[in-house]
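# Remarks on the overall topology
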Amino acid sequence: MSDIVVNKKTESMIETQIVMKIPARNAIVCPIQIGMNLLATPEKWLPDDWQKKRIVIITDETVHKIYGKYLLEVLKEAKPLLFSFIPGEQSKNAQTKLAIEEKMLEAGCDRQTLLLTLGGGVVGDLAGYIAATYMRGISYIQIPTTLLAMVDSSVGGKTGINVPQGKNLIGAFWQPVCVVVNIDCLKSLPEIHLINGLVEAIKMFCTNDAEYFKYVDKELNRVLQKETTVLKNIIERAIQIKVNVVSHDETESNLRMILNFGHTIGHALEQVTHYSILHGYAVAIGILVEAKISHLSGFLSVEDYNAIESLFYKLKISLNPLKTMDCDAIIQATKVDKKIRNNQVRFVLLQRIGKVYHENDIIAHPVSDEIIIKALKEVGGMQDGRQ
Ligand SMILES: NC(=O)c1ccc[n+]([C@@H]2O[C@H](COP(=O)([O-])OP(=O)(O)OC[C@H]3O[C@@H](n4cnc5c(N)ncnc54)[C@H](O)[C@@H]3O)[C@@H](O)[C@H]2O)c1
C-alpha cells in the first residue's frame, strides 16, 4: 500500500507523517510531515548533514517578511540564500523563473543545492519548476504556507508556470523529497486565502469522501476561526486523498484527473478574467457549474447539488464573474485546457457527493456545448452568498 500514516505524540499535539510512494517509479518516496512548530525544528525534515549543504529558499515578498527571515535565522549554520519575488499569480511566469535561475547561477549553486519552496501555490509551482529544470533537476522540499498549498499544490509533484495562452501550460512532474506542512503558518493567513484553500479540500471531499464534506459543512465556523484540530483533520484527510490518487497515477493519464473536478471551468474563468479572481474562488464556481453539468447529465441528485450550493453560499462565494461573462468566451477558454482530447473538452462528473461517475474506469467524459451552456446559465442566474 502506498499510503502509510504514522502518528507520534509531541508536547504540543499529535504530529502526523503520511508517506507517499509511487509504485510505478520505485525510487520515489515522499514523506509529508504535518504538525506545529515544524519551522523551528528543521532536524525533523532536513537531511542529517544540512549544515554543510548549499540551501536556497525561494519565497514571495510577503512570506519572506513573515516566515522567510525566521527560517534564515533557524538555518543560519548553512548560510542559506533567499530569493523572493512579488506575490501573486502574475509572477508565476518565465521571466520570474529566469531571473531567479540567473541569481542561483551567479551564486554558484550546483546540482547538490537543496531548494526550499516557502509559500503558497504560486511559490511552490514556480520554485518546484526551477528545481525540475535547474541543471536538469535538483532536490527540493515544499514548505506550504497557504491552506491551498497544504491540501493540494505542495503534494503530488506538479510544477509549472503560466503563459499568455493559458495557465500551467508549461511545467514538469517533479516530486519534492519531502513536504513540511506547518499548520502554525495559517495563523497569519487572511480569511480570503483560507477560503481559497478550503475550496480545494471541498473539491477532494466532493469526489472522494461524503463524510468529510459533511464535516466541513458542520464545522465551518470552527474552520473560519482557524481551530487547529479541525484544520488538521481537514488537511490530513485531503492530503491522504491526494496521495492515494497520485500514487496510482502520477502523470494524470486517468485517475489523477479526478483532482481536476471544478477546474475545467475554473481555469477557463481565471483565463478569461486575466487571473483577477483567486484560484480557489474560480474553482468554487467551476465546482458548481460542473456539479450542475453532472445533474443535467442525469447523475447527481438535486439534493446533492443543493448541498454543494448551500456550502458555497455560506462561504459567500461570489458568482459575479459568471454573471458578467459571455458563455462562449468561457467555452472557448476551456478548449486550451490540458485535458482536451481530439478537440473535445472532458469533465469529471459527480455521481453523488463522495463518488465520481466512471465508465470502464474512465474518469473524464465529453459533454455537449448545449449542456455546458445550460449549466453556466443556471449557475450564473443563481443568487450568491454576497447578495
Ligand atoms: N501544483 C498543483 O498541483 C496545484 C494545485 C492547485 C493549485 N495550484 C496553483 O496554486 C496557485 C495558487 O496558490 P495560493 O492560493 O496558495 O496562492 P499564492 O501562492 O499566491 O498565495 C496567496 C497569497 O497569500 C500570501 N501568503 C502565503 N502564505 C501566507 C501566510 N502564511 N500568511 C499570510 N500571507 C500568506 C502570499 O504572499 C500571496 O499573496 C495557483 O497558481 C494554482 O495554479 C497548483
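If you're wondering where the values come from, they're calculated on a predicted model, not measured in any experiment.

What follows concerns the domain arrangement of the protein. The domain boundaries assigned to the protein delineate domain 1 (3–189) and domain 2 (193–380). Each side of the interface is counted separately: domain 1 has 41 residues, and domain 2 has 35 residues. Of the roughly 3200 Å² buried between domain 1 and domain 2, counting both surfaces, carbon and sulfur atoms make up 67%. Viewed at the interface, domain 2 and domain 1 are joined by 3 salt bridges. In this structure, Glu-270 engages Lys-167 in a salt bridge whose closest nitrogen and oxygen atoms are separated by 3.7 Å. Listing elements by their share of the side of domain 1 that touches domain 2, those giving two or more residues are strand E1 (3–9), strand E2 (14–21), strand E3 (29–35), helix H4 (147–153), strand E8 (158–163) and strand E9 (166–173).

Residue position: Glu-303 is located in helix H11 (residues 302–314). We classify Glu-303 as exposed; its relative accessible area is 54%. Measuring from C-alpha to C-alpha, the distance between Glu-303 and Arg-352 comes to 9.5 Å, with 49 residues separating the pair along the chain.

A large share of strand E6 (residues 114–119) lies buried, amounting to 6 of its 6 residues. Burial along E6 is two-sided: the residues Leu-114, Leu-116 and Leu-118 and Leu-115, Thr-117 and Gly-119 are all buried. Two elements, strand E4 (residues 55–60) and E6, share 5 bridges in a ladder whose sense is parallel. Its bridge partner lying in E6, Ile-58 is registered against Thr-117. Bridge count between E6 and strand E7 (residues 140–144): 5 bridges; the pairing is parallel. Counterpart to Leu-115 in the pairing with E7 is Tyr-140. Assessed by its sense of winding, the connection that carries the chain from E6 through helix H3 (residues 121–133) to E7 is right-handed.

Contacts to the ligand come from 29 residues, most closely from Asp-60, Gly-121, Thr-145, Thr-146 and Asn-196. Between a nitrogen atom of the ligand and a main-chain N or O atom of Lys-158, the distance comes to 3.0 Å. Its free accessible area being 870 Å², the ligand has 91% of it covered by the protein chains. Looking at the shell around the ligand, the elements with two or more residues in it are helix H1 (61–74), H3, H4, E9 and helix H5 (191–208). When residues of the shell around the ligand are assigned to their parent elements, the largest contribution, 4 residues, is made by H1. Considered class by class, the residues forming the shell around the ligand number 9 nonpolar, 11 polar and 9 charged.

What counts, and at which threshold
Residues numbered from 1 in each chain as written. Predicted model: local features only at pLDDT ≥ 70, side-chain atom pairs only at ≥ 80, totals over all residues. Heavy atoms only, no water. Domains from an automatic or database assignment. Contact = heavy atoms within 4.5 Å. Buried area = accessible area lost by both parts, 1.4 Å probe. Salt bridge = Lys/Arg side-chain N within 4 Å of Asp/Glu carboxyl O. Helix = DSSP H or I, 4+ residues; strand = E, 2+ residues; numbered from the N terminus. Buried < 20%, exposed > 50% of the residue type's maximum accessible area, 1.4 Å probe, protein only. Pairing = 2+ DSSP bridges. Right-handed = clockwise from strand over helix to strand, strands pointing away. Near = heavy atom within 4 Å. Polar contact = N/O pair within 3.5 Å; in protein donor to acceptor, adjacent residues only side chain to side chain. Areas by Shrake-Rupley, 256 points an atom, 1.4 Å probe, with all protein chains shown as cover. Nonpolar A, V, L, I, M, F, W, Y, C, P; charged D, E, K, R; others polar.

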